[in-house]
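Observations on the three-dimensional arrangement
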Amino acid sequence: MAVGPANNKALERQGFLLDLVTGADGEAGSLQILADAAAHWVSTTAGAAMECAVVLHRQRSCLATAGSTSGAAGLAASEDEHGDGPTALGSVLAAPTVINQAGGRWQAYRRRLVDNGFGAALAVPLDLKPGLAGALVFLAPANVGFSAKVVNDAAWFVEVASHSLKLALDVHGVIRAGDNLKQVLESRTSIDVACGVLMAQNRCSYAEAFSKLAGTSRNRNLKVRSVADSILRAMPSGPPGTRFEPPAIA
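My aim in this report is to walk through the structure given alongside it, one point at a time. Since this is a predicted model, take the numbers as computed values, not measurements. (Residues numbered from 1 in each chain as written. Predicted model: local features only at pLDDT ≥ 70, side-chain atom pairs only at ≥ 80, totals over all residues. Heavy atoms only, no water.)

1. Considering the nonpolar core
Of all hydrophobic cores here, the largest spans 35 residues; its most connected members are Leu34, Leu136, Phe138, Phe146 and Phe157. Looking at this core, the elements that each hand over two or more residues are helix H2 (26-46), strand E1 (51-58), strand E4 (118-126), strand E5 (132-141) and helix H5 (148-202). The dominant element in this core, judged by the number of residues it contributes, is H5, at eleven residues. When neighbours within four sequence positions are excluded, Phe138 is seen to be in contact with Ala38, Val42, Glu51, Cys52, Ala120, Ala121, Leu122, Val124, Phe146, Ala154, Phe157 and Val158. Core analysis: the second largest hydrophobic core is formed by 13 residues, Ala76, Trp106, Tyr109 and Ala123 among them. (Core = buried A, V, L, I, M, F, W, Y, C linked by side-chain atoms within 4.5 Å. Buried < 20%, exposed > 50% of the residue type's maximum accessible area, 1.4 Å probe, protein only. Helix = DSSP H or I, 4+ residues; strand = E, 2+ residues; numbered from the N terminus. Contact = heavy atoms within 4.5 Å.)

Here's what the structure looks like:
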């Protein structure tokens, strides 16, 4: 089935989404896949080669950006420095915004567009979860504009992209939580085994052994896990491996 505005309602009923997870190395990888897909899609729709930049704003976190080309990526990244372009203001854009002439609010951004070889930009805000904001910026070469049809089609694509990106971010969140849990368990295993070594060497309790680890950690300005690992590395058999076993089913 063709992917495009002519099939909007059918695709919505069928739950059409972009795959932004397969092959993605974390959230940055998903943003890159989205930028590439958006550039390919809008170029086909507009009948001219276009590029795309994507930006993700997260509260109390660094800006995340990607671009279908180095030029698009650089333009998106510059928003963090200048703060006057459509991606930097993505959280306040209420509708698709075309930037194709100098003057007014976008004068400085327009100059950067021209300096990077672009003639116009179409910024469309992403609809994401609370605490997140972002936008896709479609970039046209000189002497190529955005017709009303292309603007409408881009708005449809960004609606699909918003649902797809929300799902991808959820998936990465689950993966990240699993990785954090594994790190916690590995850290706990090292500390417990190191405490066992100290208990055997000093004939002391677990609390006393852990106190020794904590004291060394403060004196050497190291994490307790690092002190524990140094004790385990000094064992004749080397540090034991961490095993994660599923609970027994009664």
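More follows now that the structure is in view.
2. Some thoughts on the packing of aromatic side chains
According to the stated counting rule, one finds two aromatic pairs in the structure shown. For the pair Trp41 and Phe157, a centre-to-centre distance of 4.9 Å together with 25 degrees between the ring planes defines the contact as stacked. Taken together, the positions of Trp41 in helix H2 and Phe157 in helix H5 put the pair 116 residues apart, joining distant regions of the chain. The two residues Trp41 and Phe157 agree in class, both being buried. Three or more aromatic residues joined by ring pairs form one cluster here, namely Trp41, Trp156 and Phe157. (Phe/Tyr/Trp six-rings, centres within 6.5 Å; stacked < 30°, edge-to-face > 60°.)

3. Considering the sheet that holds strand E2 (residues 64-67)
Read from one edge to the other, the open sheet built from five strands follows the order E2-E1-E5-E4-E3, with strand pairing classed as antiparallel. Edge positions in the open sheet fall to E2 and strand E3 (97-99), since each of these has one partner strand only. Averaged over all pairs of adjacent strands, the angle between their axes in this sheet comes to 15 degrees, without regard to strand direction. Of the pairings in the sheet, the one linking E1 to E5 comprises eight bridges and is antiparallel in character. Bridge assignment links Leu56 to a residue of E5, and that residue is Gly134. Strands in contact with helix H3 (residues 70-82) are E1, E2, E4 and E5; relative to E2, the strand with the most contacts, it is inclined by about 155 degrees. Packed on one face of the sheet, helix H4 (residues 107-115) meets E3, E4 and E5 and runs near 120 degrees to E4. (Pairing = 2+ DSSP bridges. Axes fitted to C-alpha atoms, helices over the stretch in contact; angles between N-to-C directions.)

These figures come from the coordinates and say nothing about function on their own.
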